[in-house]
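Geometric and topological summary
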Amino acid sequence: MAVFNKSLFSLFSVLLIIFCAFRLSAASFRVELAPSQVAALCKESINHTFCFDFLNSTAGIPAADLLGAGKITLKVGHDKAQDARKCVKALLAQTTDPKLKESYKTCLENYGDATDAISAAKASLVAKDYATANIKISAAQTDADTCDDEVKGLPAAAELGERNRYLFNLLNIGLLITNKLGGFHE
């Protein structure tokens, strides 16, 4: 019986050591987003300053790895798309101008689609399906751009235009991250 207990104890000890070694090695693969990675991503972005400021100042991103930065970026993007949709609803309710009404209706649809696309992109990112995440982010970026084109030059649309451009720039960062994670543009 004592031999059995020693063997069981030895086996347990070996398994514990292997488990701890695996956990330590897995932890060593999680690398924070290095300043050189931020610089490389932002160099490829449409708006370098926006990218650099966002990646360096958004809560959680400086301590995140690339996947974590992507998740945070898409969460912020989803929140911004929802906020823009609320803004469009308010503008639509306030206007009597038929041209503005039509433009705001288009934007309302765009932001509904953008919110759905970003939700799908977030799920794809979690599943590490970077190609699908990339497609969904691109679709949401197109929605923001379409709304921006729709309201450009119209009175009372300045705030919405700013939101459109913010989301467009933010989603550009999301595209760069999914491209890098998926190895699409090395």
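Residues numbered from 1 in each chain as written. Predicted model: local features only at pLDDT ≥ 70, side-chain atom pairs only at ≥ 80, totals over all residues. Heavy atoms only, no water.

1. Section: the side chain of asparagine 134
Quick note on the threshold: The secondary structure listing takes helices from DSSP runs of H or I that are at least 4 residues long and strands from runs of E that are at least 2 residues long, numbered from the N terminus. Three labels apply to residues, based on accessible area from a 1.4 Å probe with only protein chains included: buried if under 20% of the type maximum, exposed if over 50%, partly exposed otherwise in between. A contact between two residues is defined here by any heavy atoms of the two lying within 4.5 Å.
Structurally, asparagine 134 is set in helix α6 (residues 130-151). Taking relative accessible area as the criterion, asparagine 134 reaches 15% and is therefore assigned buried. In contact with asparagine 134, not counting residues within four places along its chain, are Leu175, Thr178, Asn179 and Phe184.

2. Side note on unusual backbone geometry
Positive phi outside glycine occurs at lysine 128, with the angle close to 60°. Within the fold, lysine 128 resides in the loop between α5 (98-126) and α6.

3. Quick word on the state of the cysteines
Quick reminder of the rule: Throughout, a disulfide means two cysteine sulfur atoms within 2.5 Å of one another.
If you walk through the whole model with that rule in mind, you get 2 disulfides. In this model cysteine 42 forms its disulfide with cysteine 51; the gap between the sulfur atoms is 2.2 Å. Judged by the sign of its S-S torsion, about -75°, the cystine formed by cysteine 42 and cysteine 51 is left-handed. For the residue pair cysteine 42 and cysteine 51, the accessibility class agrees, reading buried in each case. There is a disulfide in this structure between cysteine 107 and cysteine 147, and the S-S distance comes to 2.0 Å.

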